[in-house]
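Observations on the three-dimensional arrangement
What follows is each chain in one-letter form.
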Amino acid sequence: MPRRPLLAGNWKMHLTISEAKKLASSIAQSAADVQDRDVMISPPFTALAAVAETLSDTNIILAGQNASWAAQGAFTGDISPLMLKDAGCSMAILGHSERRHIFGESNDMINKRVQSCLSTDLVPILCIGETLEEREAENTFRVLDKQVRLGLKDVSLKTGNEIIVAYEPVWAIGTGKTASADQAQEVHAFVRNLLEDIFEKNIATEIRILYGGSVNAENVDVLMAQKDVDGALVGGAALKTESFDRIIHFQS
Ligand code: 13P
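Our subject in this report is the structure included herewith.

Parameters at a glance
Residues numbered from 1 in each chain as written. Predicted model: local features only at pLDDT ≥ 70, side-chain atom pairs only at ≥ 80, totals over all residues. Heavy atoms only, no water. Axes fitted to C-alpha atoms, helices over the stretch in contact; angles between N-to-C directions. Helix = DSSP H or I, 4+ residues; strand = E, 2+ residues; numbered from the N terminus. Left-handed = near helix turned anticlockwise from the far one by under 90°. Contact = heavy atoms within 4.5 Å. Nonpolar A, V, L, I, M, F, W, Y, C, P; charged D, E, K, R; others polar. Core = buried A, V, L, I, M, F, W, Y, C linked by side-chain atoms within 4.5 Å. Buried < 20%, exposed > 50% of the residue type's maximum accessible area, 1.4 Å probe, protein only. Near = heavy atom within 4 Å. Polar contact = N/O pair within 3.5 Å; in protein donor to acceptor, adjacent residues only side chain to side chain. Areas by Shrake-Rupley, 256 points an atom, 1.4 Å probe, with all protein chains shown as cover. Expected span 1.5 Å × (residues − 1). Phe/Tyr/Trp six-rings, centres within 6.5 Å; stacked < 30°, edge-to-face > 60°. Lys NZ or Arg CZ within 6 Å of the ring centre and 35° of its normal. Arc of directions from axis to C-beta. Salt bridge = Lys/Arg side-chain N within 4 Å of Asp/Glu carboxyl O. Pairing = 2+ DSSP bridges.

**Things to note about the packing of helix H1 (residues 17-31) against helix H11 (residues 241-248)**
Where H1 meets H11, the axes come as close as 10 Å, and the angle between the chain directions of the two elements is 35°. H11 is crossed by H1, and the crossing has right-handed handedness. Contact with H1, carried on its side by Leu 23, Ser 26, Ile 27, Ser 30 and Ala 31, involves Thr 241, Phe 244, Asp 245 and Ile 248 of H11 and no other residues of that element. A per-class count over the contact of H1 with H11 returns five nonpolar, three polar and one charged.

**Considering the nonpolar core**
Judged by nonpolar contacts, the single largest core of 64 residues is most densely connected at Ile 41, Leu 152, Leu 195, Tyr 211 and Phe 244. Beyond its immediate chain neighbours, meaning those up to four positions away, Tyr 211 contacts Tyr 167, Pro 169, Ala 172, Thr 178, Ala 179, Ala 184, His 188, Leu 223, Val 229, Gly 231, Ala 232 and Leu 233.

**Topic: the site of the ligand**
With respect to spatial proximity, 13 residues lie near the ligand, and among them Lys 12, His 96, Gly 174, Ser 214 and Gly 235 are the closest. Taking His 96, its side chain carries an N or O atom lying 2.8 Å from an oxygen atom of the ligand. Gly 174 places a main-chain nitrogen or oxygen 2.6 Å from an oxygen atom of the ligand. Here the ligand loses 95% of its free accessible area of 300 Å² to cover by the protein chains. Here the residues of the shell around the ligand sort into four nonpolar, seven polar and two charged.

**Observations concerning helix H8 (residues 181-198)**
Taking 1.5 Å of rise per residue, the 18 residues of H8 would be expected to cover 26 Å, and the 26 Å separating its terminal C-alpha atoms lies within 8% of that figure. Looking at H8, one finds that the buried residues are Ala 181, Ala 184, Gln 185, Val 187, His 188, Val 191, Arg 192, Leu 194 and Leu 195.

**Considerations on unusual backbone geometry**
Residue Lys 12 is not a glycine yet carries a positive backbone phi of 50°. Of note, Lys 12 is situated in the loop between strand S1 (6-10) and H1. The backbone phi angle of Asp 121 is positive, close to 70°, even though this residue is not glycine. According to the relative accessible area criterion, Asp 121 is exposed, its value standing at 61%.

**So, the packing of aromatic side chains**
Counted by the stated rule, this structure contains three aromatic pairs. When the centroid spacing of 6.3 Å and the interplanar angle of 80° are considered together, the rings of Trp 69 and Phe 75 count as edge-to-face. Over the ring of Phe 250 we find Arg 37, and its NZ or CZ is 4.0 Å from the ring centre. The ring of Trp 69 carries Lys 112 above its face, with NZ or CZ at 4.3 Å from the centroid.

**Some remarks on the side chain of Ser 97**
In this structure, Ser 97 sits in helix H4 (residues 97-101). Among all residues touching Ser 97, those that are not within four sequence positions of it are Ile 102, Val 170 and Ile 173.

**Observations regarding the environment of Ala 172**
On the secondary structure map, Ala 172 appears in the loop between strand S6 (164-167) and H8. Using a relative accessible area of 0% as the deciding quantity, one classes Ala 172 as buried. Note: C-alpha distance between Ala 172 and Gly 129 (43 residues apart in sequence) is 9.6 Å. Among residues more than four places away in sequence, those in contact with Ala 172 are Lys 177, Thr 178, Ala 179, Tyr 211, Gly 213 and Ser 214.

**Re H11**
Of all the positions in H11, only Ser 243, Phe 244, Ile 247 and Ile 248 are classed as buried. The buried residues of H11 all sit within an arc of 130° when viewed along its axis, so they share a single face. Packed against the buried residues of H11 are S1, H1, strand S2 (38-42), helix H10 (220-224) and strand S8 (231-234).

**With respect to the pattern of salt bridges**
For the coordinates displayed, the defined rule picks out 17 salt bridges. In this structure, Asp 228 engages Arg 3 in a salt bridge whose closest nitrogen and oxygen atoms are separated by 3.7 Å. A residue pair is termed long-range when its members are at least 10 positions apart, and Asp 228 in the loop between H10 and S8 and Arg 3 in the segment before S1 qualify at 225 residues. Since its relative accessible area comes to 5%, Asp 228 is described here as buried. With a shortest N-O distance of 2.9 Å, Asp 197 and Arg 149 are connected by a salt bridge. In this pair, Asp 197 sits in helix H8 while Arg 149 sits in helix H7 (residues 140-151), placing the two residues 48 residues apart along the sequence. One connected set of salt bridges, linked through shared partners, spans Arg 3, Arg 192, Lys 227, Asp 228 and Asp 230.

**Remarks on the pairing of S6**
Burial along S6 is two-sided: the residues Ile 164 and Ala 166 and Val 165 and Tyr 167 are all buried. Alignment of strand S5 (residues 123-128) against S6, held across four bridges, turns out to be parallel. Each residue of the ladder has a partner; that of Ile 128, found in S6, is Tyr 167. Judged from the four bridges that link them, S6 and strand S7 (residues 208-212) form a sheet pairing that is parallel. The partner of Val 165 across the bridge, within S7, is Ile 209.

Quick look at the structure:
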């Protein structure tokens, strides 16, 4: 079975509830004709429930931008996987580079978040990626190996559809610098091999690996044409209907 492409918009800390509903509704219109691929959006927590209502007659997937490792309790500022499900989410972005680098999230913390999402039936999108310094020091594969192995520590899967990995080189996020299609494919193939080492081959083959980092209307086709690039995790270009429309209608 070929992997079903996933075009995902990470709205980060942008948009009020009414702005989010408006954008969600125009994305729903854009995506109405799309059948052979999945479309996901991840609004800020405050807008999730309202956007879920806007999307109720569509098959657009809703995701949280993080998820706690606990179901409930004294974790001021955190949101639990149960709460995300309650608000209409079926996925959660975990270990985003902004969480790792601005908020100091460790591989261990991220692993706990992955496990709690899996036990709540929420699909974790495990984000990994090297900094520019790490790439220049030729440490890219070492860093990614660690992020994948520790992020997925003690995880067991029945199918590869239970989890998604997103490769987002830190140097390409919000900078306008995209990894070339070859650079992306090289890393995605490396991650696929790693997944085969961790899980059974048939499961690793099913896991979708997204690319993120300055994906836009101009570069999406060439990125999506790569064998192991199964989708895109998009920041800036997901906040505008025109560019996200082009991204979800990528041609390869
Ligand atoms: P940009 O598309 O703005 O570079 O952001 C990528 C990203 O961080 C998606 O999670």
